[in-house]
Amino acid sequence: YAQHGYGNDALRLFRLMQLEGVMPNKITFVSILSACSHSGLVDEGYRYFASMITDFGVVPTTDHCVCMIDLLGRAGQLDEAENLMNNMPFEPDAVTWMNFLGACRVHGNVELGARAAEHVFKLDPNNAAPYILLSNLYATANRWDDVAKV
C-alpha cells in the first residue's frame, strides 16, 4: 500500500486488524513504519514505534530502526535520524548509513552527508555509490575542491 501512495489505507487496515483482535508482530510493524515513511507521517511513525514496544512488547530490530531513520530522513529531520542511529542497541550497517547519506543529499546537508559517507567507506570499501552521492552533494553545494578530492 504505502509504496503506491496508500499509507493512510495501510494504517487504517492496521487499526482494523487490532479491532479484530489480530496481534501485530515484528513484520507488521516494519510494514506500518514503512507506510509512515513513504507517506511522510512522522508523528504517526513515532507513535507506532513507541507503541510496538510499550503496547505489544515487540523489541525493535534493525529493520524497525532503519524504517524510522528513513522516515526521519525523508522528512528532513536529519539530526533526529542520526541521533537514532547513534543510540540504537546495535551498530548501523552500510545500508543504514547509505540510506542516511541519501537523505543528506536530498536535503543538502553536507556535514552530515560527509560523516555518513565516511562510515560507508569503512564498512563497504568496494561500493562506489557513497563516492558518487558524496560527490553530488559537494557539487550541489558548489564545493568543487571537495568534488575533486572524492
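Above this text sits the structure in question.
Residues numbered from 1 in each chain as written. Predicted model: local features only at pLDDT ≥ 70, side-chain atom pairs only at ≥ 80, totals over all residues. Heavy atoms only, no water.

A.B. asks: Even after reading the chapter, I still don't get the packing of aromatic side chains, so can you show me in this structure?
C.D. replies: Ring pairs (aromatic) are described by centroid distance and by the angle formed between their planes. Here the structure, examined in full by the defined rule, presents five aromatic pairs. Here F14 and Y48 contribute two aromatic rings whose centre-to-centre distance is 5.3 Å and whose plane-to-plane angle is 85°, an arrangement assigned as edge-to-face. In this pair, F14 is assigned in helix 1 (residues 7–19) and Y48 in helix 3 (residues 42–54), connecting sequence segments 34 residues apart. No difference in accessibility class separates F14 from Y48, as the two residues are buried. By the ring-pair criterion, three or more aromatic residues cluster together here, those being F14, F29, Y48 and F56. (Phe/Tyr/Trp six-rings, centres within 6.5 Å; stacked < 30°, edge-to-face > 60°. Helix = DSSP H or I, 4+ residues; strand = E, 2+ residues; numbered from the N terminus. Buried < 20%, exposed > 50% of the residue type's maximum accessible area, 1.4 Å probe, protein only.)

A.B. asks: I tried to follow a nonpolar patch on the surface on my own but got confused; where do I start?
C.D. replies: On the surface, a nonpolar cluster with roughly 290 Å² of combined accessible area is contributed by L13, L16 and L19. If you trace the backbone, L13 turns up in helix 1. (Patch = residues over 30% accessible without salt bridge, like charges linked within 9 Å, V, L, I, M, F, W, Y side chains within 5 Å. Areas by Shrake-Rupley, 256 points an atom, 1.4 Å probe, with all protein chains shown as cover. Salt bridge = Lys/Arg side-chain N within 4 Å of Asp/Glu carboxyl O.)

A.B. asks: Just checking my understanding: could you explain the nonpolar core for this structure?
C.D. replies: Note that soluble globular proteins tend to have their nonpolar side chains buried in a common cluster. Of all hydrophobic cores here, the largest spans 40 residues; its most connected members are L33, Y48, F100 and L134. Among the secondary structure elements, those contributing two or more residues to this core are helix 1, helix 2 (26–39), helix 3, helix 4 (62–74), helix 5 (78–87), helix 6 (94–107), helix 7 (110–123) and helix 8 (129–140). For F100, the residues in contact, after removing those within four places along its chain, are L78, A81, E82, M85, L112 and A116. (Core = buried A, V, L, I, M, F, W, Y, C linked by side-chain atoms within 4.5 Å. Contact = heavy atoms within 4.5 Å.)

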